[in-house]
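What follows is the residue order along each chain.
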Amino acid sequence: MESMEEDFPRGGKEKKTSEPKPSKTHAVDNLFETREPEFMRKRKTVKQDEWKELKKQKVHEDLKLNTATRVEILHKSNLKVGTLLLGCVKEVSVMEVVVGLPSGMVGYMPICNICDSYTKILNDTLHLEDSLEEVVSLSELLTPGMLIRCVVSSLNAFKEGSLSLKVSINPKEVNKNLSSGKLKPGMTLSGCVDGVEDHGYLVDIGVGGTKAFLPKKSTSSKQDLKVGQYVLTLIEEVKNDGHVVRLSMNPQALSKAYVETEHGWTLDTLLPGLLVRARIKRVTPNGLIVGFLSAFTGVVDFLHIDEVKASTYNKGDEVLGRILYVEPSTRLVSLSLRSHLLAPGGDVLNTLKSERVGEVVQSCLMTAMHHHSGALMRMPDGTTAFVHKNHTKEPQDEFNPNRLLALPDHAMRITDYSPMEQIHLATLRRSIIATPFFTYQDIKAGQIIEGTVTSLHPHGMYVSITNHIRGMIPRTHLADIVLKNPEKKFHVGMKVKCRVLSVDAQNKRMILTKKKALVESKLPLFLSYSDARVGRISHGVIVSMKDFGCIVRFYGDVKGLVPIQELSRELVVNAGDIFFIGQVVQAKVIKCDVENEKMLLSFKAVTEGDLRWEETAKFDFKVGKTVDVRVCSKVPDGLRVSILPDNIPAFLPKGHLSDHVTNCSLLWAALEEGDIISSTVCLTKNKMGITLTKKPVLKACLEDGIIPKEFSELQVGMQMVGWVKNIMPYGVFIDYPHGLCSLAPKAALGEQFITDTSGLFEIGQTVVAKVTNLDEEKRRFLVSLKVSDLYLSEEDAQDRLIQGQKERKTITEMITCRGESAVLQQLSSVSVGVKMKMTVGDTTEDGTVTLTSDQLSEATVLASKYHTEGVNVTPGCKLNAVVLHVDLLKSLVHVSLLPKLTGKRKTLEKASEHTSTIQYADRDFAVVSLGHTGHLTIIPLLTYLNDIYHHVSEKFSIGSHLNVTVLDPSSEELGGLPLVAYQNLKARPEQTRSNSKDSGPHSIGEVMTVKIKKVKPMGLLVTLPSGTTGSIHVSEIEESPAIGSFPTASLKVGTEVKARVTGGRTVRGHKFLPVTHPNFDISLPELTLLPSKVEDIDRQVDKMPNYNPGDDVICFPLKYVKKSKLLEVHVKPNIMGTIEMLAMITKPAQANHPQTLVKPGQTFSAKVVGISTKRPLRLSLSLTGTYKLEKGSVAMAMVWKVEPKGLMLKLPFGNSGFASILDLSDSYTDNPLEPYKENQVVRCCVIDEDDRKFNVSLRPSRIHMGQQKKVTDPEIESVSDIKEDQIIRGYVKCVGKKGIFVRLSRTITGRVMLQHATNYFMNDLNMISKHITENALVTAKVLSVSTENSKVELSLLSEDTGKPDILPESLGLELRLKGVEKVERDKRSIKRKRTPSESQQQDNVKVGQKIKVCTGKEESVQEKKRKKTKVKKEDSDSGVEVFFREEETEFKKESEQDKHKENKPKCPARLQIASGFSWDCTLSSLTPATKLDNTHNSDDEEEVQNKPVKKSRKELHQEQKNAEQQLSKREVELMDPSVRPDSTAAFERLLLSSPDSSLLWLQYMAFHLQATQIEQARAVAERALKTISFREEQEKLNVWVAMLNLENMYGTEENLQKVFERATQYCEPMPVYQQLADIYAKSDKIKEAESLYKSMVKRFKQEKAVYQSYGAFLLRQGQSDAANTLLQRALQSLSSKEHVDLISKFARLEFQYGNTEKAKSMFDKVLSTYPKRTDLWSVFIDLMVKHGSQKEVRELFDRVIHLSVSVKKIKFFFKRYLEYEKKSGTPESIQVVKLKALEYVESKGAEAAN
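What you see is a predicted model, and the numbers here were worked out from it, not measured in a lab.

1. Some words on helix α36 (residues 1629-1642)
Turning to step 1, where the next piece is worked out: Counted at 1.5 Å a residue, the expected span for α36 with its 14 residues is 20 Å, and the 20 Å between its end C-alpha atoms agrees.
Turning to step 2, where the next piece is worked out: Residues P1629, M1630, V1632, Y1633, L1636, A1637, I1639 and Y1640 constitute the buried set of α36.
Turning to step 3, where the next piece is worked out: One or two residues past the end of α36 sits D1644, with phi positive at roughly 60°.

2. Things to note about a positive patch on the surface
Turning to step 1, where the next piece is worked out: On the surface, K1654, K1658, K1661 and R1689 cluster together into a positively charged patch.
Turning to step 2, where the next piece is worked out: Relative to the elements of secondary structure, K1661 occurs in the loop between α37 (1646-1659) and α38 (1664-1676).
Turning to step 3, where the next piece is worked out: By relative accessible area, which is 44% here, K1661 ends up partly exposed.

3. Some words on the packing of helix α41 (residues 1716-1729) against helix α42 (residues 1734-1747)
Turning to step 1, where the next piece is worked out: The contact between α41 and α42 brings their axes to 11 Å, and the two run at 160°. Viewed along their axes, α41 and α42 adopt a mutual orientation that is roughly antiparallel. Note that α41 runs across α42; the crossing there is left-handed. Counting all contacts with α41, which are made through T1716, K1720, F1723, D1724, V1726 and L1727, the residues of α42 involved are L1736, W1737, V1739, F1740, L1743, M1744 and H1747.
Turning to step 2, where the next piece is worked out: Grouping the amino acids of the contact of α41 with α42 by side-chain chemistry returns nine nonpolar, two polar and two charged.

4. Concerning unusual backbone geometry
Turning to step 1, where the next piece is worked out: The amide bond that connects L644 to the next residue, P645, takes the cis arrangement and shows omega of 5°.
Turning to step 2, where the next piece is worked out: Relative to the assigned elements, P645 resides in the loop between β32 (638-643) and β33 (648-653).
Turning to step 3, where the next piece is worked out: For A911, which is not glycine, the phi torsion reads 75° and is therefore positive.
Turning to step 4, where the next piece is worked out: Since its relative accessible area comes to 53%, A911 is described here as exposed.
Turning to step 5, where the next piece is worked out: The backbone of N1335 shows a phi angle near 70°, a positive value even though the residue is not glycine.
Turning to step 6, where the next piece is worked out: Looking at where N1335 falls in the secondary structure, it is placed in the loop between α22 (1326-1331) and β69 (1337-1346).

5. Looking at the packing of aromatic side chains
Turning to step 1, where the next piece is worked out: Evaluation of the coordinates by the stated rule reveals 19 aromatic pairs.
Turning to step 2, where the next piece is worked out: When the ring of F1547 is compared with that of F1567, the centres are 5.3 Å apart and the planes differ by 50°; the resulting orientation is tilted. Placement of the pair is F1547 in helix α31 (residues 1544-1553) and F1567 in helix α32 (residues 1558-1570), with a sequence separation of 20 residues. Neither residue differs from the other here; F1547 and F1567 are each classed as buried.
Turning to step 3, where the next piece is worked out: Ring geometry for F1757 versus Y1777: centroids 4.6 Å apart, planes at 5°, classification stacked. Pair noted here: F1757 is in helix α43 (residues 1750-1760) and Y1777 is in helix α44 (residues 1767-1784), with a separation of 20 residues, a long-range link.
Turning to step 4, where the next piece is worked out: The exposure class assigned to F1757 is buried, which follows from its relative accessible area of 1%.
Turning to step 5, where the next piece is worked out: Among the aromatic residues, those joined into a ring-pair cluster are F711, Y736 and F781.

6. Some details on the sheet that holds strand β6 (residues 188-196)
Turning to step 1, where the next piece is worked out: A barrel is described by the order of its strands in space; here five strands give the closed sequence β6-β7-β8-β10-β9, paired in mixed fashion. Across the sheet, the mean angle separating the axes of adjacent strands is 50° when strand polarity is ignored.

7. Section: the environment of I114
Turning to step 1, where the next piece is worked out: When you line up the elements, I114 lands in the loop between β3 (106-110) and α4 (116-127).
Turning to step 2, where the next piece is worked out: A residue is classified by how much of its surface remains accessible, and I114, at 1% relative accessible area, is buried.
Turning to step 3, where the next piece is worked out: As a C-alpha pair, I114 and V167 span 53 residues in sequence and 9.7 Å in three-dimensional space.
Turning to step 4, where the next piece is worked out: Among all residues touching I114, those that are not within four sequence positions of it are M109, L138, L142, I169, N170, P171, C192 and G228.

8. Quick notes on the confidence of the model for the protein chain
Should the pLDDT be low somewhere, the predicted coordinates at that spot are not to be read in detail.
Turning to step 1, where the next piece is worked out: Per-chain confidence: the protein chain averages 81 in pLDDT, with 84% of residues scoring 70 or above.
Turning to step 2, where the next piece is worked out: Counting interchain partners and residues more than four positions distant, the pLDDT-below-50 stretch residues 54-65 has 15 contacts.
Turning to step 3, where the next piece is worked out: Taken together, the stretch residues 984-1000 has pLDDT below 50 and engages in 19 contacts with residues farther than four places along the chain or on a different chain.

9. Some details on the nonpolar core
Turning to step 1, where the next piece is worked out: Formed by 88 residues in total, the largest nonpolar core has its most connected members in L1604, L1652 and M1656.
Turning to step 2, where the next piece is worked out: No other element matches the eight residues that helix α34 (residues 1593-1610) contributes to this core.
Turning to step 3, where the next piece is worked out: When residues no more than four places from it in sequence are discounted, the contact partners of M1656 are Y1633, Q1634, A1637, K1661 and V1666.
Turning to step 4, where the next piece is worked out: L1127, L1142, M1196 and Y1236 belong to the second largest nonpolar core, which has 48 residues in total.

10. Some remarks on the sheet that holds strand β44 (residues 878-887)
Turning to step 1, where the next piece is worked out: The sheet built from five strands closes into a barrel, its strands ordered β41-β42-β43-β45-β44 with mixed pairing. Going from strand to strand, the sheet's axes swing by 50° on average, the running direction of each strand aside.
Turning to step 2, where the next piece is worked out: Two elements, β44 and strand β45 (residues 892-896), share five bridges in a ladder whose sense is antiparallel. Residue pairing in the sheet places H885 in a bridge with H894 of β45.

11. A closer look at the pairing of strand β25 (residues 509-513)
Turning to step 1, where the next piece is worked out: Both strand β24 (residues 495-504) and β25 contribute to a ladder of five bridges, which runs antiparallel. Paired with R499 across the strands is T513, a residue of β25.
Turning to step 2, where the next piece is worked out: Two successive antiparallel strands, β24 and β25, enclose a turn made up of four residues, where K508 displays a positive phi of approximately 55°.

12. Side note on the side chain of Q229
Turning to step 1, where the next piece is worked out: Following the sequence through the fold, Q229 ends up in the loop between β8 (211-215) and β9 (230-239).
Turning to step 2, where the next piece is worked out: In this structure Q229 comes out as buried when scored by relative accessible area, which is 16%.
Turning to step 3, where the next piece is worked out: From its side chain, Q229 meets the backbone nitrogen of K226 in a polar contact 3.0 Å long.
Turning to step 4, where the next piece is worked out: Contacts of Q229, omitting those with residues within four sequence positions, involve E140, L141, G191, C192 and V193.

Basis of the calculations
Residues numbered from 1 in each chain as written. Predicted model: local features only at pLDDT ≥ 70, side-chain atom pairs only at ≥ 80, totals over all residues. Heavy atoms only, no water. Helix = DSSP H or I, 4+ residues; strand = E, 2+ residues; numbered from the N terminus. Expected span 1.5 Å × (residues − 1). Buried < 20%, exposed > 50% of the residue type's maximum accessible area, 1.4 Å probe, protein only. Patch = residues over 30% accessible without salt bridge, like charges linked within 9 Å, V, L, I, M, F, W, Y side chains within 5 Å. Areas by Shrake-Rupley, 256 points an atom, 1.4 Å probe, with all protein chains shown as cover. Salt bridge = Lys/Arg side-chain N within 4 Å of Asp/Glu carboxyl O. Lys, Arg positive; Asp, Glu negative; His and termini not counted. Charge placed at Lys NZ, Arg CZ, Asp CG, Glu CD. Axes fitted to C-alpha atoms, helices over the stretch in contact; angles between N-to-C directions. Parallel < 35°, antiparallel > 145°, perpendicular 65-115°, else oblique. Left-handed = near helix turned anticlockwise from the far one by under 90°. Contact = heavy atoms within 4.5 Å. Nonpolar A, V, L, I, M, F, W, Y, C, P; charged D, E, K, R; others polar. Phe/Tyr/Trp six-rings, centres within 6.5 Å; stacked < 30°, edge-to-face > 60°. Pairing = 2+ DSSP bridges. pLDDT = per-residue confidence, 0-100. Core = buried A, V, L, I, M, F, W, Y, C linked by side-chain atoms within 4.5 Å. Polar contact = N/O pair within 3.5 Å; in protein donor to acceptor, adjacent residues only side chain to side chain.

Here you go:
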């Protein structure tokens, strides 16, 4: 041990002795034992120095510091500056790193706590403008999940007593206790890269005087390390006493680098992250106490015990652990045994975060409680979480672990995730669990939240939502207007309500708004561009104003543009004149591009109706839906309310508060803002908003669902409940739910003659209307309000009376509860029938007496002249009075002083009858006295809802009499008053009419005896007892009529029968002329004779039956319509039906006269096929017993169209079908389609269905499946039904080059190759088409069948089928050779080919030329030798190729010589190709096509060969050998790709291998052009465009350019334009335009080129390349001014970032083609604006070197080397300067450049020194 004091400091000054005493060495060895050391046994005298005693005490303390007695987790309160920790990088931001620490703690590492070298780079960058070093971001130095060794650098107190923990990884702080002498190989140290060298890196390990080097080959990273990057290294070698160390980052070595005793670790030098082998000393409930390195003691808390081995730990067990933290002051060492920290790759953790953070988990079990640390919880899914001790209780509560353990389960919220422990952290605090916002992710844009103001700043106000969430309200969002002094309105601690504008959860930023218009907005929120649908309106804020309009921002990043023309309906020049930034506006979306996030808005398009519609858009509106509302405000015509709970705005009209007109005004007056109105019903919704109703009658109808929803559901005679919408001179408009509206004409308003409609009804009054007339075309209808036309019950009047009195009682209670006015309190205390003492006051002119009373001191009490008759009304007299009416609105009380009313009342009996007298009457009710009993009661003024007040008020005048019957002597509903029913002494209008000649309507359900007036097939006309004519439908005569019978035939005229009224219908009357009475309709009662309906008294009105397809119904035919071929039938009186002809008949012959099958009124049973949705209900029926088509079903069909391939058919029930030509008969005929014509009816069988299109068969064997039918040509359903060698018949489909195609079935087609079609030779394929037409019947033999691809090969040869040849013998065609003749012909052919001429040899080896002998089955000997590799290809030749090659071989030699003779004089001169026509860079060397050698004549050869010249065997062998050599040589040439093709066949061969090569296609075109074959070149180009793959866009473009060149040189301008238009359609337009412009320019077509360039500038004004090419063209033409104009236009069109490159490009062109001085000025202008663009300086120098003088070049270099740019760039320009002078200058000028460089270096050095 070299330095004991350095390893184990004792305190005081450092001793200078070099060799320590043995006793002290022994003390060191026993330093960590619990017993006292030996040197303590020797007692010191009292006279020794005091500091030695203190030193002794410190030693005692040091001995006990590393003796652990208790295990607990690391608390933040135990942390001290200098504590060493093992941490994990959680998040990396721009300026700091979030580090996860043990026990779930979190630390923050600022950017300046990395290392000294990185901090220096940051400082240099901050202070120096041009730093030589590039700053590397933190994310490149540290990655999330990385384990790091760090040290606590600061602990600052934070709000509410919490600490802000900052850590550092600076090696000088982490490894500060290490020195050079303590470094040993095998130790692991953390460090940061300090510098980058060629072969490695200098690493800062924080040890003074030591240089550490990390070779590149020892790093695990594939990328170079950056300065400041954190590394964990292993010391491999130590040199020079630790002053030089070599490091390694080998992962395998690091994972096995355990702490060893020989490393010399001490408590001062121990570092977190070291791997140690430890032995368990003690097992405690809270963890383990272990020993390691023979003398050190450490602890393992319960969070870092391996869960798998937790129950197996015993004292003395050896474990592997990693040091978690070291506390130097207390010398406490904590270890972790968790596997994720001990794994070989444990330097990076995979799991850093959890998506469950913020989740509230119920039913959690507390598995363990550690009193000093916290509790472990098990969630329902088995996951473990840790709750810190402080989070097991509320901050103000005491810690009570027993109470927590006693609870069966707990609710907790997951607050964080600790990567070091790989465990969730949670809290049991109820306040945190209940908070709605725990993280920023919980808050969404558009939410309304409340917070507390924490601070005010010039830029805005900060609001705290929770302890961890806060937001900022920008200054412009503090109010609807911009506040100059916001501190006057807001103060710290103030509660504010805000709406969230945007949330950035990742960066924990939230922007809020306090603008009232946004916070209280009811309009939909635009949270994304998908929410901004066209037509929607929302509130937004103006954030910017431009000349072209305003920018409006919504929520998040959603914003839109309001063009200036959409700002207002008036002309706006400057948006700032009427708007301001920060203003809240209502904007309507007129266009929205969601993908590109662009939106156009409008201010002027926003209307009030749009706003209301948007406010109610989110409400689920349904007519009849019951809701509760809150009164928001009162308007003269109703109440503005909000639907609860979402506060949707709606309107409740005053007239819809009640069915009683007087109660509506009372309710409106009684209701106040804030009142809740329950059980209101949704009525209508439109652009004006939602309208509600409280009308009881209307609510009942909506609940029953008996109100029509559409116009199509209306029927004449229907009664509906509605309300008066408007009153006009000609009638009254009635509104109904679901948007229906009708007109009640003036004549249909009442029974009496009406001259004036005003005052008859009130707006909003409830009425019952009867539909009298329907206008289907205009969708309008008329109604009648006459009581005589309606079926109304008098009992409804009693219900309305009780309801009306309940409403008035409610009004009184509402007024009483409020207690706002004394007079209202007094009025609410009295009611009808109350008696009180009154004092007589003054009498008015009309006899009305004013009275006073103490009970009604604030109200006015009046008694009319009628009620004071016979009474002394001297002023001052005191009299008894009875209350008749209380008017709350006018504060009036009407009383009566009549003795008969104020006297004693007699007892009433139920059902007693009295003559009542009207004492008082208002708009809805009347107060009557019951005879001489002294009782008063209330009766309804209107018996029916439609009664007209003016007409009824005559009989309810005061003093008139009514007969009443007491129903209840004391009714609770009437407040104790009697409930009576009255009958008017005057007869009702209905009763008066019933005695007249024309009786009125009878009530539904009335049973009577009627007399049959007339018998018709479809019903009866009967005479009712009142004389009215009624009708009985044919379906209402018999219960179950027999099929085929006539129900009306059993009845005779004059017979009396018992019937019951079921309804009525309106019919046209003929009593008056149509001119005078165009709309004269009468109502005709409908009756029934069915016993089940007549005898059932309680039977209700029949409901509309529900029909489904397939149901059986009874119907009665009415008539057959020939035009539409439909039979109209009746099912019920209000249900019609139609039957199509195909669903009537079962035989084709019946289609001629289908009307004879049925008779009107006859009974038939039918199947329901379909039901129409329109009203009245109509059924589609079938009489055939089927209602749908299925596979195998037989049905009638009508021929719709005859096609060559079969019949198109109309099938029943609206279907269509197809019958193939092979499915028409079981025996094929020559003309199968001849018997069929359009509209012919046939019988068919359904084979299958495809999307309601059926395949059918007309074969008798299909239609009569059970019968044995003779089948000559059986049906072929699949390929498996066809066998080889089978003789089969079919119809010819078509004749083509590939053969004759024959239909064998509707899905299978066979092919006959041409060699298998006929035995004759043909020169023309059309010869077969003339004799074999489409649909010709042929007999064929099956040669082969392929089941895989469903191919069938056939033969039509006579020897195969036994039928005559398809071509007649009269054509005189030659027969093809067979057998012996064929063999001889083959031999002759071989002889002729043994000595071919040179030209013939070339022809024989052309690719694609396939020559066979005339038999078509064998090749020549030489051909077989050359084409061994192409046998497979020859086998796949079509029949056309084989057939015609036979003829080609036969006739070629005969025509070859004549052909050459004819073509030779006619051949034109070769076209000389201009030099400008260049397809590509490799085509200029193309040679003309090789001329064919025509010196050999085939005839001469044949003559020579026919001579009997005998050759020796040696000569024959030599000739054969020469031929084979030539053949081999030719094959080698064909295989060589470098050989240029010189024939069409060669090109075709190459194109087979490279079909997508545009170069090959262009060579092919050039080959034809050299041979003056212009059309062939065009054809090749068209083939190329079709052949080249669509993915090869550039290859296709090359061909298009070639076509443009071709048409430019050899075609017309028209052809060129056509090709150009096609090219722009199939290719990107801009390259095509550029290519054509270049073609025009190169061919000196200046006008065309200039015109095209102008078009390009207009079309592609955003493309920089267009301006560059146009500018180059203009400058080549010498048009410098035009080029300058073009440049100015380009600068206006292009974005500013492209200006510099465009100007520099034009300047270069000026150097090449224009004015050099102008180019120099352009470059000077650009470089003066962008002096640091060294790339432009370099280009400028190159151009000046080429075009400028030496003086100008040197001046330019002098400018460049004095630029304020980086040293590297100046060095580059000095090198160029020196190279230029070496090349063009003198030795003196070279020396001048060197001196300037030296001066620059010295000046930079001086600046650095300063």
